[in-house]
Amino acid sequence: MANSDYTFIIGGNPAANHPASFGHIMAAKDKGGKIIVVDPRFTQSAAVADIYAPMRSGTDIAFIGGMVNYIISKIESNPEQFNMTYITEYTNAPLLINPDYQGPADLDGLFSGYEGSINETDNAKRRYTDRSTWQYQVDENGVPKQDKTLKDPNCVFQILKRHYARYTPGKVCSITGTPEDKFLEICQMYAGSGAPDKSGVIIYAMGTTQHTKGTQNVRAYSILQLLLSNIGVAGGGVAACRGEPNVQGSTDHCLLYHILPGYLPAPVSADIDLQAYKDRTTPQHPDPRSLNWWQNRPKYIVSLLKAWYGENATAENGFGFNYLPKAVPGRDYSYIPLFEDIDAGSVKGMMVWGMNPAVAGPNSNLQRGALGKLDWLMCIDLWQTETGEFWKRPGVNPADIQTEVFMLPACNSYEKEGSVSNSGRWVQWRYKAANPPGDAKEDAWVMNKIMMKLKELYAAEGGPSADSILKLDWNYGESPDARAVAREVNGYDLTTGKLVASFPSLKDDGTTSSGNWLYCGSYTEEGNLSMRRDLTPDKFNIGLFSKFAWCWPVNRRVLYNRASVDLDGVPWNKDKPVIWWQDGSWVGDVPDGGGAPMAEGGHYPFIMKDNGFASLFGAGLADGPLPEHYEPWESPTSNALSSQQVNPVAVIWRPDEQGTVDDYPIACSTYRICEHWQSGALSRNLPWLAELCPEPFIEISEELAAEKGIENADMARVKSKRGEVVMRALVTKRFKPFQMNGKTIHQIGMIWHFGYTGLVTGDSANVLTSYIGDPITTIPEYKAFLVNVEKA
């Protein structure tokens, strides 16, 4: 970030919520960099921005789509101001799409291949079932055809141009509520990052992802960045500010339901054996210049199975592949359907580790009620939480709750040893600084005890899939050693017993193990590299600090860094080179994939894509190959671009709980503040933080407050279709009404850190939020829903 000439913050407030990262942003500003902030609210980040523009929640794609339209027009009129080699050689802009493809401009907001009725409540009957028209035209060898002049009407660039031609400044601002002069000022400024010797970074957080088109919001950012050649370069990228210190590490190690460690796809019931799994999940591509790195997936899954099942994983039994559970294809195992299953009584027990769904979950009153249908609930945390005490929440008779609740005291991160991985993929070792109080134990100690007891019971009694447990190579003793676990994650050469030096050494024949191929190389015979604290500057002194900690993969600090150089391997920006081809080899950062530059027959730079090109047009997503603006599920206005009001494949669970603008005319969004952390389970139990913010509040504009008769510090009642809360009103200039097509739209903001347990308590904003999800991630739409407000 400190190398960025332009920092574009949208969907987040790093000055308040990620202050360490914001220091790097300010360092860039001190060197002459520009900061742009787009947010419904004038935030702490906006206070130091060169340009701030308001934008109604849920309209990111309209805003970014308008910027894409602006950039394309400038590329066509002044191509010399942009990196045309990057666009034509490194992205799929010149690749040709099936001529039968049709997009929202042709089909009133839909893409070709849609099946079902928009008004259908059955999610399975609203989807794109035929995506054949989204595919590439290929030659006789199966290689996509190209037109590097970008003139063919079926090339991605021309399709992108037609798609976003509708996103004119006037139309965009009628949707977003952004003043048109501010919008154009941002377009003009950020377009400057497209010069070959400049770079810009887009920074986002949950304000981007927690929408019914959250995935496509991020895709829109990526499209903008690729047109401006801002991926793979120093100071570029699409940077997620994670909501927790180790969210990156937890997803790397398969916290999410649909993956195994290292982002390997989870097995499904159709994978009858290891070969079927490999056939389904290993991409093939006929272009010899595509490195197609995921073709190595068989090496990673076999090495993972060897780490898990050891000598019990043999070639004869498919390395224990069928010990793994298999998901049912098409079934949703994500957060909201999990609670739907709990509410239906089909889930009997649940373990909650360091999470507080009674406050953090959408429509949280419903989720609190669902907990009472469990036979047993185990919570492990530092303090009592609302989830652990759901049985005595306000308005409930504890005698009516039959769920047996176990509350286990946990260690905090400084009372145990282990690694954390930050948003930049740096894996840093943290040492134990203090002993935990009382009977508090490390998570690993608890997991180990549970697994040892399970093995004992399965050995004595048997049971379904007993070998899945009994055959595990589980030998951590009474208390797992974090460093031993880190070595297991790195992996071993099983023929020599030595730690594997890097993932190119992993094999699919059972002679290597690795608990996570991405972390292979983090703990080698040289030691635990995440412990390093060497601040020696990198070759070009651009702030990579390659000897400080360790970064996956292979200590590469900038992903897709082959895109930072031209076809001859010379950096676009010689003042901030990431890598450089000099005297027959690469110097600088660890190059993506090695090999010679493209002019010397080297491979395409985007090695994790099967064809080697970055995707402006992405045919793999459930809701379309290009981001298209749709309104939130609950919106104060109709969609100005098409008759498709909501993402046509958004996942809806309780359609009867949709609020209407007639009853709930005010847009609302939740957000975090610096003084509290997530659901408040930690911060509301610390007296000094509780004192800084002792109760929840809403932020409301002066105009709306006057209309409602609410004065600053009054108590306000906020209602949605799902419930109501009472909070303190903060009447502020930070929110302003949006003027859209002659209509005034109000928006308020609410913090969501509060509940009924802790030193300070209060209503939770998630009592109000809706039960609807993005079709790819099913993340709930916390950031855009409808409410009404009155003085309490």
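Up top you'll find the structure we're talking about.
Below is a short write-up of the structure. Source: prediction; values computed, not measured. For every chain, the first residue of its written sequence is number 1, and the numbers climb from 1 along that sequence. Note on the predicted model: pLDDT of at least 70 is required for a residue's local features to be given, and 80 or more for side-chain atom pairs to be given and counted; whole-chain, interface and lining totals, by contrast, use all residues. Excluding hydrogens and water, the side-chain figures rest on all heavy atoms present in the structure.

A separate point is the packing of aromatic side chains. Whether two aromatic rings pair depends on their centres lying within 6.5 Å, for rings of Phe, Tyr and Trp, where Trp uses its six-membered ring; planes under 30 degrees apart make the pair stacked, over 60 edge-to-face, and the rest tilted. All chains considered together, the criterion is met by 29 aromatic pairs. Here the aromatic rings of Phe63 and Phe183 are separated by 5.2 Å at their centres, their planes lie at 85°, and the arrangement is edge-to-face. Here the residue Phe63 occupies a position in helix H3 (residues 60-77), and Phe183 occupies one in helix H8 (residues 180-191), the gap between them amounting to 120 residues. By relative accessible area, Phe183 is classed as buried at 1%. Judged by centre distance (5.0 Å) and plane angle (65°), the rings of Tyr164 and Tyr167 are edge-to-face. Labels follow the DSSP assignment, with helices taken as runs of H or I lasting at least four residues and strands as runs of E lasting at least two, numbered in each case from the N terminus. The buried label applies to any residue whose accessible area, calculated with a 1.4 Å probe on protein chains only, is under 20% of its type's maximum; exposed applies above 50%, and partly exposed to all values in between.

In this fold, Thr524 is placed in strand E18 (residues 523-524). Owing to a relative accessible area of 10%, Thr524 belongs among the buried residues under this scheme. Contact definition: two residues touch when any of their heavy atoms are within 4.5 Å. Contact partners of Thr524, with chain neighbours within four places excluded, come to Asn490, Leu499, Val500 and Ala501.

By size, the foremost hydrophobic cluster in this structure holds 75 residues, and its most contacted members are Phe8, Ile64, Met67, Leu224 and Leu227. Of the residues forming this core, the biggest block, 10 residues, is contributed by H3. Setting aside anything within four residues of it in sequence, one finds Phe8 in contact with Ile36, Val38, Phe63, Ile64, Met67, Tyr190, Val201, Ile202, Ile203 and Leu224. What is meant by a nonpolar core is a set of buried Ala, Val, Leu, Ile, Met, Phe, Trp, Tyr and Cys residues, joined one to another through side-chain atoms within 4.5 Å. Membership of the second largest hydrophobic core comes to 34 residues, among which are Leu264, Leu274, Val302 and Leu304.

With that settled, consider the packing of H3 against H8. Interaxial distance between H3 and H8 falls to 10 Å at its minimum, and their mutual angle equals 55°. Classified by the angle between their axes, H3 and H8 sit oblique to one another. The hand of the H3/H8 crossing is right-handed. Seen from H3, the contacting residues are Phe63, Gly66, Met67, Tyr70 and Ile71; seen from H8, they are Phe183, Ile186, Cys187, Gln188, Tyr190 and Ala191. Here the residues of the contact of H3 with H8 sort into nine nonpolar, two polar and no charged. Geometry is summarised by axes, namely lines fitted to C-alpha atoms with helices restricted to the contacting stretch, and by angles between N-to-C directions that run from 0 to 180 degrees. With respect to orientation, any angle under 35 degrees is reported as roughly parallel, any angle over 145 as roughly antiparallel, any angle of 65 to 115 as roughly perpendicular, and every other angle as oblique. By definition, any crossing whose near helix is turned counterclockwise from its far helix by less than a right angle is left-handed, and any crossing with a clockwise turn is right-handed. All residues other than Ala, Val, Leu, Ile, Met, Phe, Trp, Tyr, Cys, Pro, Asp, Glu, Lys and Arg, Gly among them, are scored as polar; the first ten of these are nonpolar and the last four charged.

As for its position among the elements, Phe339 is in helix H14 (residues 335-343). Here the alpha-carbon distance between Phe339 and Leu366, two residues 27 residues apart in the chain, equals 8.9 Å. Among all residues touching Phe339, those that are not within four sequence positions of it are Met350, Pro357, Gln367, Ala370, Leu371 and Tyr771.

This part is about the environment of Val489. Checked against the element boundaries, Val489 lands in helix H19 (residues 482-490). Judged by relative accessible area, Val489 falls into the buried class, the value being 18%. Note: C-alpha distance between Val489 and Cys520 (31 residues apart in sequence) is 7.1 Å. Filtering out sequence-adjacent residues up to four positions away, Val489 remains in contact with His253, Ser514, Gly515, Asn516 and Tyr519.

Another aspect to go through is the packing of H3 against helix H7 (residues 169-176). Put simply, H3 and H7 touch, their axes get as near as 9 Å, and they point 165° apart. Of the possible angle classes, the one that applies to H3 and H7 is roughly antiparallel. Seen along the crossing, H3 lies across H7 with a hand that is left-handed. Taken together, the residues of H7 that come into contact with H3 (itself represented by Ala62, Phe63 and Gly66) are Val172, Ile175 and Thr176. Of the residues belonging to the contact of H3 with H7, the class tally is four nonpolar, two polar and no charged.

Let us look at a nonpolar patch on the surface. Patches draw on residues past 30% relative accessible area with no salt bridge. Two like charges within 9 Å are joined, as are two nonpolar side chains (Val, Leu, Ile, Met, Phe, Trp, Tyr) within 5 Å. Each accessible area value is a Shrake-Rupley result obtained with a 1.4 Å probe; residue values ignore everything except the protein chains displayed when judging cover. Only one rule defines a salt bridge in this text: a Lys or Arg side-chain nitrogen within 4 Å of an Asp or Glu carboxyl oxygen. Judged by side-chain polarity, Tyr257, Val328 and Tyr333 come together as a nonpolar surface patch covering roughly 270 Å² of accessible area. Position of Tyr257 relative to the elements: it lies in the loop between helix H11 (247-252) and strand E8 (259-260).

Turning to the sheet that holds strand E6 (residues 200-204), a few remarks are in order. Two strands qualify as a pair provided that DSSP identifies no fewer than 2 bridges between them. What the five strands build is an open sheet, ordered E3-E2-E1-E6-E7; its pairing is parallel. Pairing within the sheet leaves two strands with one partner each, and these edge strands are strand E3 (51-53) and strand E7 (238-240). For this sheet the average axis-to-axis angle between neighbouring strands, irrespective of direction, equals 20°. Relative to E7, E6 runs parallel, the two being bridged by three bridges. From the neighbouring strand, Ile202 faces E7, where its bridge partner is Val238.

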